[in-house]
Amino acid sequence: MTRTFESWELTLENKQAYEAAKKYADKFDNYKEKGVGIMMSGTNTGTGKTHLAAAIAIELINQGIPVIMNTMIRLLRKIKDTYDDEIKTKGAESSIIELYSTVDLMIIDDLGKERPTEWVLEKLYDIISARYENLLPVIITTNYDIDRLRDRLTVKNNTETAEAIVSRLNEMCVGIEMNWKDWRLKY
C-alpha cells in the first residue's frame, strides 16, 4: 500500500488536487450522503490520478468503509469470468453487477482504456446508472476530458449510451484536473 496520502510528493502544481482528494476522504460521509464523487482527469499519464484514488480507497478501507477499486478492464473481466463454463453459476453476473452498483464507493481507474464495445457500454451504463439512481458515489480516473470520454466510449457512431454515461458522471462527480507532466519521466 504505497499509494497513500503520506507518500504523495506534494508540489505547488499538485497541491490543489491533493487537498481536494484528502478533503474527500476526510469528509466522505458528507459526500456519500449527497452521492457526490470525483472525476480525476488529465491528458498525461503519470500525474498521480491513480495514486490519489488509491489513497482515498486506503483511507476509507482503514475506516471500515467498503470500497472497490480497479481498472475498467479488470472490472469487466470479473464479469466475463462468470461466463466461463467451469465457474459459471446461476446469477453470478448479476451478483457482480449488484456488488459494483451498491458498494459504498466504486473507483474506476483509467476509464477509456478499455476497447469500447456495445457489451462494455451496456455493463458500464448499468453500473453507473444504478449508482446514479441510488445516490452512491463513484470516483473515475481518466486521461480524457468529458467530451473526449464521450467520443472514446461511442461505438459504431451510436453516441446515445456514451452520452448517457458521461452525462450522469458529469452530474455525479466534481472534477479534479491533473494536467501536469508525467512525474515518472523525471527519473
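Residues numbered from 1 in each chain as written. Predicted model: local features only at pLDDT ≥ 70, side-chain atom pairs only at ≥ 80, totals over all residues. Heavy atoms only, no water.

Chemist: I'd love a proper account of the overall build of the protein chain, names of residues and values included.
Modeler: Looking only at helices and strands, the protein chain features eight helices and five strands. The order of α-helices and β-strands along the protein chain, N terminus first, is α-α-β-α-β-α-α-β-α-β-α-α-β. In summary, the protein chain has a C-alpha radius of gyration of 16 Å against a globular reference of 16 Å for 187 residues, a match within 12%. In terms of overall dimensions, the protein chain has a C-alpha envelope of 50 × 40 × 35 Å along the principal axes. (Helix = DSSP H or I, 4+ residues; strand = E, 2+ residues; numbered from the N terminus. Rg over C-alpha atoms; globule rule 2.2 N^0.38 Å.)

Chemist: Give a description of the packing of helix α1 (residues 15-26) against helix α3 (residues 49-62) that names residues and reports values.
Modeler: Put simply, α1 and α3 touch, their axes get as near as 9 Å, and they point 20° apart. By the angle between their axes, α1 is roughly parallel relative to α3. Crossing angle aside, the handedness with which α1 passes α3 is right-handed. Note on element contacts: α3 touches α1 through Leu52, Ile56, Glu59 and Leu60, opposite Ala17, Tyr18, Ala21, Lys22, Tyr24, Ala25 and Asp26. (Axes fitted to C-alpha atoms, helices over the stretch in contact; angles between N-to-C directions. Parallel < 35°, antiparallel > 145°, perpendicular 65-115°, else oblique. Left-handed = near helix turned anticlockwise from the far one by under 90°. Contact = heavy atoms within 4.5 Å.)

Chemist: Could you give an account of the pairing of strand β3 (residues 105-109), naming the residues involved and the relevant values?
Modeler: The element β3 is largely enclosed, with a buried count of five among its five residues. Both strand β2 (residues 67-71) and β3 contribute to a ladder of five bridges, which runs parallel. Each residue of the ladder has a partner; that of Val67, found in β3, is Leu105. Two elements, β3 and strand β4 (residues 138-142), share three bridges in a ladder whose sense is parallel. Paired with Ile108 across the strands is Ile140, a residue of β4. Handedness of the crossover joining β3 and β4 through helix α6 (residues 118-133) is recorded here as right-handed. (Buried < 20%, exposed > 50% of the residue type's maximum accessible area, 1.4 Å probe, protein only. Pairing = 2+ DSSP bridges. Right-handed = clockwise from strand over helix to strand, strands pointing away.)

Chemist: Before we move on, can you summarise the packing of helix α4 (residues 72-81) against α6 with the specific residues and values?
Modeler: Taken N-terminus to C-terminus, the directions of α4 and α6 make an angle of 95°; their axes are 11 Å apart at the nearest point. Between α4 and α6, the angle falls in the class roughly perpendicular. Contacts from Met72, Leu76, Ile79 and Lys80 in α4 reach Trp119, Val120, Lys123 and Leu124 in α6. Across the contact of α4 with α6, the residue classes break down as six nonpolar, no polar and two charged. (Nonpolar A, V, L, I, M, F, W, Y, C, P; charged D, E, K, R; others polar.)

Chemist: Which residues make up the environment of Leu169, and what values do they have?
Modeler: Looking at where Leu169 falls in the secondary structure, it is placed in helix α8 (residues 160-172). Assessed through its relative accessible area of 1%, Leu169 is described here as buried. Residues Leu169 and Tyr132, spaced 37 residues apart in sequence, show a C-alpha to C-alpha distance of 8.2 Å. Setting aside residues no more than four positions away along its own chain, Leu169 makes contact with Met39, Leu111, Ile128, Val138, Ile140 and Leu149.

Chemist: Can you lay out the side chain of Asp109 for me, pointing to particular residues and giving the numbers?
Modeler: Turning to its location among the elements, Asp109 is positioned in strand β3. Arg3 provides the closest opposite charge to the buried, salt-bridge-free Asp109, at an N-O distance of 6.7 Å. A polar side-chain atom of Asp109 sits 2.4 Å from a polar atom in the side chain of Thr141. Apart from residues no more than four positions distant in its own chain, Asp109 is found in contact with Thr50, Met69, Asn70, Thr71, Met72 and Thr141. (Lys, Arg positive; Asp, Glu negative; His and termini not counted. Salt bridge = Lys/Arg side-chain N within 4 Å of Asp/Glu carboxyl O. Polar contact = N/O pair within 3.5 Å; in protein donor to acceptor, adjacent residues only side chain to side chain.)

Chemist: Give me the lowdown on the sheet that holds strand β5 (residues 173-177), citing residues and values where you can.
Modeler: Strands sit in the order β2-β3-β4-β1-β5 across an open sheet of five strands; the sheet is parallel. Strand pairing shows two members of the sheet lacking a second neighbour, β2 and β5, which therefore form its edges. Mean inter-strand twist for the sheet, computed between neighbouring axes without regard to direction, equals 10°. Pairing between strand β1 (residues 37-41) and β4: four bridges, direction parallel. Looking at the pairing, Ile38 lines up with Ile139 of β4. Contacting β1, β3, β4 and β5, α1 runs over the sheet at an angle of about 150° to β5.

Chemist: For the nonpolar core, give the residues involved together with the corresponding values.
Modeler: The biggest cluster of nonpolar side chains holds 30 residues, and the ones touching the most others in it are Ile108, Val138 and Leu169. Mapped onto this core, the elements with two or more residues apiece are α4, α5 (92-102), β3, α6, β4, α7 (146-153) and α8. One finds Trp8, Tyr24, Tyr31 and Ile139 within the second-largest nonpolar core, a separate group that totals 25 residues. (Core = buried A, V, L, I, M, F, W, Y, C linked by side-chain atoms within 4.5 Å.)

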